[in-house]
Amino acid sequence: MDSPASPATHLSLAIDGMSCASCVGRVERALKKVPGIAAATVNLATERADIDFAGAPDLAAAVEAVQRAGYQVPERSLELSIAGMSCASCVGRVERALKKVPGVLEASVNLATERARVRAVQGVDGGALIQAVARAGYEAKLDTGERGAPDEEAARRASELSGLQRSLGLALLFTLPVFLLEMGAHLIPGMHQWLMHSLGTQNNWYLQFVLTSVVLFGPGLRFFRKGIPGLLRGAPDMNALVAVGASAAYLYSLVATFAPGLLPAGTVNVYYEAAAVIVSLILLGRLLEARAKGRTSEAIKRLIGLQAKTARVLREGKAEEVAIAEVRAGDLLEVRPGERLPVDGEVVEGSSFVDESMITGEPVPVEKQPGAELVGGTINQLGALTFRATRIGGDTVLAQIIRLVEQAQGSKLPIQALVDRVTLWFVPAVMLAALLTFAAWMVFGPAPALSLALVNAVAVLIIACPCAMGLATPTSIMVGTGRAAELGVLFRKGEALQLLKDARVVAVDKTGTLTRGKPELTDLIVAEGFRRGEVLARIAAVEDKSEHPIARAIVAAAEAENLDLGTLERFEAVTGYGVRATVDGVRVEIGADRFMARLGLDVGLFAGDAKRLAEEGKTPLYAALDGRLAAIVAVADPLKETTPAAIRALHELGLKVAMITGDNRRTGEAIARQLGIDEVVAEVLPEGKVEAVERLKAAHGRLAYVGDGINDAPALAAADVGVAIGSGTDVAIEAADVVLMSGDLGGVPKAIALSKATIGNIRQNLFWAFAYNTALIPVAAGALYPLNGTLLSPIFAAGAMALSSVFVLGNALRLKRFRAA
């Protein structure tokens, strides 16, 4: 994007799709209609629009106008790592700074992951974003998208933790003597007399001054370095609250120690212990937060840890151990029993069982034969396999899962909008409350009014730090989406986590979702005097000439039983009736009941079976050998074994289940009866699925649609929440909000139950953070003093603030133990 001379009034946008002068006119007219745009000039040769705004530029409105005119403004997404954020107000400050960068359409910052996601028009420079964050008082680094190794991530976390541990250790070493020197006189019998006799009051205060100075300007310096600049910029954060509170107590004590004559009579007291203990307790809270935040991202670390570091590649007939980055698509690889598969591939030689539980959440190992697909990161069990690499690097299923989980963890839910609005003004409001508290105690408080005013103002500043508010939502999202991934449920979009819990109806596609998606021979009942294997072999030999799905299912069943199909002669298709041929000298005729009637054969022998098959939605076929009725045959797309339990689980959650299928109504209703499905929408063409979804939404409310095929993509997009079966097509998965890696419907009740648990957890956290802070600010200000003489010490305020954040993180971590019913 061009660097305009005056970013506040002029912007230059790239435009895609213009081909002639009329396009130029169309875009110009569309832009000039946007309120706030003074002038717009579009250049076909450069494919750019130069826009002058009358006031602050509304870029989103300009982009929307171009899109409505039928053209596109190329966009890009950038991710940044942000350092230095400590509370919810920091999040709001960084977001506002990013949104002010010319060309930025949207910016979302996450405190728990310490990342920012920016959507901007093509050409926005990452350097401009970094500078904007720096001007706001924080550090930013452009994320290139390369995944660090798990040990690198662990090293970064360990470095942060060790730094906090050293700071806390040093702070406690010097704070404990200060606390004992000041509070010991009140708590330990005889200590007051001993201190007066050995040190005296003035020397006691001198010693406290030295010890507290070490705490404040050693371990506590981090709060001043970040808090004071923010305060001077008029953008105070949690660090500013701590810095102001601690320095107020420290400076008052300094005056009392070295210039007591400046203070009114009766107010000469020191509060060194409050300043030192505040810093120590806040550092303790930070340490506990860092530990808990590390645990919230364990799911991602575990997923990254599944990536193999080396692979055994066959080159020139020899197995060679190479780094995973050196593997190329098409390489042949070997994997031994017990080893982790390095990349995705297809089995070429060998057979084994593979544990795919870390990808799908399903505990039963899956058998792998030549032709079977393999997923990198899963564990080979007993047999040795040779396979061809099909997807490597960022294209593997595991790499895609990691990206999806990271996106979901970094996203903001609609519920977060309220938090952002409140916390935007929370810190300034707290500072105002502290000033009012100080003024009220100075005017109305008993003697020593100055001391009491200081203590209560400091308590208000410390107890109201909005750390817990900033962590309430993102930590629950991180743990919830991480736990979902472990259960084989991937939330591609964070909003789905909130929307899914409100679903009233689940609409499901039949083929590939409820069923296996592949016709199979389900019934073969032979008449007396015939052998099953012989009949199946004869039928399969005839059907082997056909490519019809029913014919292929019969042939596959015969091949699975290793039957010899025999020699086929004189094949003939009897239009509208069936087929006939001779197999090893035996005349074989296969078709519907009308074909048998034409041959003079009575199908009444199988009347009971035919009725049962019809009730199950199956269309029976009959076979005759040498003019005798030999068997009744049915081919159907069988239900997945997990489908009945999944439907029951959805009903137990109080949801209605609707099936949308292109099959005939009789088959659809038969399956619905079998499964207890509430509503059937049958004989729907692919383009009619969206209409069916809209109709069901209007009738029942919020709807989740589950599908797996290309023809499901529009319905997945039209639903409130689209859920794709992971074994389905890439198009369906791209259109969905949630992906079920296990490939069966059982993931839907898991996803809904987890959505409810996560949103419930977020609400608990928000209630605690807001109610706790709101309730304790009046207590810290001294609201209980007129009633029972209670005042909240700044020391207890610091402990309570730290406890608030730790409670929120601890509550979020409970989601790690979530179990689907």
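Residues numbered from 1 in each chain as written. Predicted model: local features only at pLDDT ≥ 70, side-chain atom pairs only at ≥ 80, totals over all residues. Heavy atoms only, no water.

## What to know about the pairing of strand S5 (residues 104-110)
Here is step 1 of the chain: When you tally the buried positions in S5, you get six out of seven residues, the bulk of the element.
Here is step 2 of the chain: Sheet topology places S5 next to strand S6 (residues 115-121); six bridges connect them, and they run antiparallel. The residue bridging Ala107 from the neighbouring strand is Val118, located in S6.
Here is step 3 of the chain: In textbook terms, the turn of a hairpin is the stretch between consecutive antiparallel strands, and for S5 and S6 this stretch comprises four residues, one of which, Glu114, has a positive phi near 55°. (Buried < 20%, exposed > 50% of the residue type's maximum accessible area, 1.4 Å probe, protein only. Helix = DSSP H or I, 4+ residues; strand = E, 2+ residues; numbered from the N terminus. Pairing = 2+ DSSP bridges.)

## Topic: the UniProt feature "transmembrane region" (unreviewed entry) in the chain
Here is step 1 of the chain: According to UniProt, the "transmembrane region" (unreviewed entry) feature falls on residues 167-185, 205-224, 240-263, 269-288, 422-444, 450-473, 766-785 and 791-813.
Here is step 2 of the chain: The annotated region residues 205-224 carries 85% helix and 0% strand content, and the separation between its end C-alpha atoms amounts to 23 Å.
Here is step 3 of the chain: Note that residues 269-288 is 85% helix and 0% strand, and that its end C-alpha atoms are spaced 33 Å apart. (UniProt positions renumbered as here; feature names shortened; annotations may be inferred.)

## Let's talk about the environment of Leu703
Here is step 1 of the chain: You can see Leu703 is positioned in strand S27 (residues 703-707).
Here is step 2 of the chain: Spatially, the C-alpha atom of Leu703 lies 6.1 Å from that of Arg504, the residues being 199 residues apart in sequence.
Here is step 3 of the chain: Each residue touching Leu703, except ones within four places of it in the same chain, is listed here: Val505, Ala507, Val693, Leu696, Lys697, Ala719, Asp720 and Val721. (Contact = heavy atoms within 4.5 Å.)

## Some words on the packing of helix H28 (residues 747-781) against helix H30 (residues 794-813)
Here is step 1 of the chain: Running from N to C, H28 and H30 cross one another at 170°; their axes reach a closest spacing of 9 Å. Looking at the two axes, H28 sits roughly antiparallel to H30. Mapping the contact onto sequence places Asn761, Gln764, Asn765, Trp768, Tyr772, Asn773 and Leu776 in H28 and Ala800, Met801, Leu803, Ser804, Phe807, Val808, Asn811 and Ala812 in H30.
Here is step 2 of the chain: Broken down by class, the residue content of the contact of H28 with H30 amounts to nine nonpolar, six polar and no charged. (Axes fitted to C-alpha atoms, helices over the stretch in contact; angles between N-to-C directions. Parallel < 35°, antiparallel > 145°, perpendicular 65-115°, else oblique. Nonpolar A, V, L, I, M, F, W, Y, C, P; charged D, E, K, R; others polar.)

## Considerations on the side chain of Arg312
Here is step 1 of the chain: Within the secondary structure, Arg312 is located in strand S8 (residues 310-315).
Here is step 2 of the chain: In terms of polar contacts, Arg312 uses its side chain to reach the side chain of Glu339, at 2.8 Å. (Polar contact = N/O pair within 3.5 Å; in protein donor to acceptor, adjacent residues only side chain to side chain.)

## As for the sheet that holds strand S20 (residues 568-574)
Here is step 1 of the chain: In spatial order, the strands read S19-S24-S23-S22-S21-S20; together these six strands make up an open sheet with antiparallel pairing. The sheet is open, and its two borders are formed by strand S19 (520-526) and S20, each paired with just one other strand. Mean inter-strand twist for the sheet, computed between neighbouring axes without regard to direction, equals 20°.

## A look at a nonpolar patch on the surface
Here is step 1 of the chain: A cluster of nonpolar side chains, Ile228, Leu231 and Leu232, forms an exposed patch at the surface whose accessible area comes to about 270 Å².
Here is step 2 of the chain: Residue position: Leu231 is located in helix H8 (residues 221-232). (Patch = residues over 30% accessible without salt bridge, like charges linked within 9 Å, V, L, I, M, F, W, Y side chains within 5 Å. Areas by Shrake-Rupley, 256 points an atom, 1.4 Å probe, with all protein chains shown as cover. Salt bridge = Lys/Arg side-chain N within 4 Å of Asp/Glu carboxyl O.)

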